[in-house]
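Tertiary structure, described
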Amino acid sequence: MATTRRPDNVDAPTVAGLIERCLREGNSRDDPSSEVIERMYDHCTEQRIKEPATQRQMFVAGANGIAGTVSGDRNQVYTMFVHPGLPVAA
């Protein structure tokens, strides 16, 4: 069963890796400009993952590890990334 929780600093490398994979595998199909992808990734380093987790609502979810992450504030979602290798449920 999947769980959702607030991330801690130990999760930062995993979350940063998940975001990088999403950007490089998913977003590169929508925006093939490597400059744009690199600029987006520069905002999702391990250190920058740790900062938003303390400044706004951030959650990670998964059954066996981290399969996705979402951050937001009140009723606005800022980012949402889901592991690109997850099978799609029917």
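Parameters and conventions
Residues numbered from 1 in each chain as written. Predicted model: local features only at pLDDT ≥ 70, side-chain atom pairs only at ≥ 80, totals over all residues. Heavy atoms only, no water. Helix = DSSP H or I, 4+ residues; strand = E, 2+ residues; numbered from the N terminus. Buried < 20%, exposed > 50% of the residue type's maximum accessible area, 1.4 Å probe, protein only. Areas by Shrake-Rupley, 256 points an atom, 1.4 Å probe, with all protein chains shown as cover. Phe/Tyr/Trp six-rings, centres within 6.5 Å; stacked < 30°, edge-to-face > 60°. Lys NZ or Arg CZ within 6 Å of the ring centre and 35° of its normal. Core = buried A, V, L, I, M, F, W, Y, C linked by side-chain atoms within 4.5 Å. Contact = heavy atoms within 4.5 Å. Pairing = 2+ DSSP bridges. Polar contact = N/O pair within 3.5 Å; in protein donor to acceptor, adjacent residues only side chain to side chain.

For the rest of this paragraph, the subject is the overall build of the protein chain. Helix and strand content of the protein chain: three helices and four strands. Reading the secondary structure of the protein chain in the N-to-C direction produces β-α-α-α-β-β-β. Relative to its 90 residues, the protein chain shows a buried fraction of 29%. Accessible surface, the protein chain: about 6,200 Å² in total, of which carbon and sulfur atoms supply 51%.

A word on the packing of aromatic side chains. Evaluation of the coordinates by the stated rule reveals zero aromatic pairs. Here the guanidinium or amino end of Arg6 rests over the ring plane of Phe59, the centre of that ring lying 5.6 Å away.

To continue, consider the nonpolar core. Among the nonpolar cores identified, the biggest contains 15 residues, and Val15, Ile19, Leu23, Ile49, Ile66 and Phe81 are the most heavily contacted of them. At the level of elements, α1 (12–30), α2 (34–42) and β2 (57–62) are the ones that each hand at least two residues to this core. The element that contributes the greatest number of residues to this core is α1, accounting for seven residues. Contacts of Ile66, omitting those with residues within four sequence positions, involve Arg5, Asp11, Thr14, Val15, Leu18, Val60 and Ala61.

Now for the pairing of strand β3 (residues 68–73). With five bridges joining them, β2 and β3 adopt antiparallel strand pairing. Among the inter-strand pairings, Gln57 is bridged to a residue of β3, identified as Gly72. Here β2 folds back onto β3 in antiparallel fashion, the turn holding five residues, of which Gly65 has a positive phi close to 100°.

Moving on to the side chain of Thr69. With respect to the element layout, Thr69 can be found in strand β3. By relative accessible area, Thr69 is classed as buried at 4%. Here the side chain of Thr69 touches Phe59 through a polar contact of 3.0 Å, landing on its backbone oxygen. Each residue touching Thr69, except ones within four places of it in the same chain, is listed here: Val15, Leu18, Ile19, Met58, Phe59, Val60, Thr79, Met80 and Phe81.

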